[in-house]
Amino acid sequence: MSAVMITRKVRKWEKLPGKNTFCCDGRVMMARQKGVFYLTLFLIMGTCGLFFAFECPYLAYHLSPAIPVFAALLFLFVMAMLLRTSFSDPGVLPRALPEEATFIEMEIEAANGNVPAGQRPPPRIRNVQINNQIVKLKYCYTCKIFRPPRASHCSICDNCVDRFDHHCPWVGNCVGKRNYRYFYLFTLSLSLLTIYIFTFDIVHVVMRSVDDGFLNTLKETPGTVLEVLVCFFTLWSVVGLTGFHTYLISLNQTTNEDIKGSWSGKNRVQNPYSHKNFLKNCCEVLCGPAYPSVLDRRGMMQDDISAASAATAAPSFASSINPVPQTTKTTAPLIPNEHTPDDAKPSIASSAQKTPSPKEEHPPAPTAPPLASPETDAETSIVKDKTH
């Protein structure tokens, strides 16, 4: 068996490290833990489905047909922002190549010098200046890079994410530089949709209770009770989350920085990314340029695969019919012996005579025996007479 290297072209997303799931030939990128994301879809679609089935026909007839139309538009916007947040690259940074990692390690060793035995080496950091403020860049031992400012390594997705905010299981993805605005618009629109459905659920129950009574209304529309309960418990968390991120956007700060207290001012360190203006910070976060992905997920790369050669594993049909004998090939020594006699040296003619050809291997076809001559017949008859 001999191994043969077969080269085939594959997409780069098939070889990307990390704990992400790719769909649609690399166009969709999500985390592997997507169970809570499916729960989010079920709650949003289930609540809106009950609202369109039980409340919208009554409200459109007695109040205005614009109520279900506006609810449908708001629902579509919520779903679009959710899918855009969940299926996009949050800003994953590529890991260093082996050559780059080796070069960075050499630079670090040269900068730190020889560390005495028993002492811990100094932390791997680099200092950069941003808006007259010193910011430390930390080294990632997994990705083998110095992380850019505001980047952090997500332990769930096992990737460094630029402007990392947090990992949100409700959307099934990290929230970072490339999808933060869509995440904020999702929470904001979901808060408005929850308030909208909760308000008109109450209006529907009140209007029908005037004519049919409260208990009869609950019996006729059982889905309304379920909607009210879901919206009531969801309202506080979603509205609270939207308010918290509105506060962070006004300061141009991330959730990761707020939890760690990076710019709390305890060490007299101010936020170098804040413009000291609410509108400017909001415009930068929400209306800034759309950053392209640096992963090149759908790019092509060559992948080498070792496969066993079938030609050496099994003889071909032609060789099975006419087998070729295996001959031992003698090679001359590296240093020829000058005292070797000429008789012992193998010549080309002798090697040709010793090596049988394929035609000589097969036994010759049987031929008819030669006819006996008269002299041999006479000799055989005399021998017979003597024996008698």
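Let me sum up the structure you'll find in this document. (Residues numbered from 1 in each chain as written. Predicted model: local features only at pLDDT ≥ 70, side-chain atom pairs only at ≥ 80, totals over all residues. Heavy atoms only, no water.)

## Focus: unusual backbone geometry
Note the cut-off: Per the convention used, a helix needs a DSSP run of H or I reaching at least four residues, while a strand needs a run of E reaching at least two, with both numbered from the N terminus. Buried, partly exposed and exposed residues are distinguished by accessible area as a fraction of the type maximum, computed with a 1.4 Å probe on protein chains only: under 20%, between the cut-offs, and over 50%, respectively.
Although it is not a glycine, Lys144 sits at a positive phi angle of roughly 60°. Positive phi, close to 55°, is recorded for Asn252, a residue that is not glycine. Relative to the elements of secondary structure, Asn252 occurs in the loop between α6 (222–251) and α7 (255–260). Here Asn252 falls in the buried class, since its relative accessible area comes to 1%.

## With respect to the environment of Ile202
Tracing the backbone shows Ile202 in helix α4 (residues 180–212). For Ile202, a relative accessible area of 38% puts it in the partly exposed group. Between the alpha carbons of Ile202 and Thr224 there is a distance of 8.8 Å; along the sequence they are 22 residues apart.

## Some details on the layout of surface pockets
To keep it simple, the criterion reads: For cavity detection a 1 Å grid was placed over the protein atoms alone, and a set of points counts as a cavity when a 1.4 Å probe fits there but cannot get out; an open set counts as a pocket when protein lies on both sides within 12 Å along at least five of seven lines, with lining residues being those that have an atom within 4 Å of a point. Grid points are joined across faces, edges and corners, and a volume is the space filled by probe spheres set on the points. Note that Gly is not counted as nonpolar here; it falls among the polar residues with everything else outside the nonpolar set of Ala, Val, Leu, Ile, Met, Phe, Trp, Tyr, Cys and Pro and the charged set of Asp, Glu, Lys and Arg.
When its volume is computed, the second largest pocket comes out at roughly 440 Å³. Around the second largest pocket sit 22 residues that line it, and Leu43, Leu190, Thr234, Ser237 and Val238 are the ones nearest its centre. Counting only elements with at least two residues in the lining of the second largest pocket, the list comes to α1 (35–62), α4 and α6. For the lining of the second largest pocket, the residue count by class is 16 nonpolar, six polar and no charged.

Geometry only, nothing functional implied.
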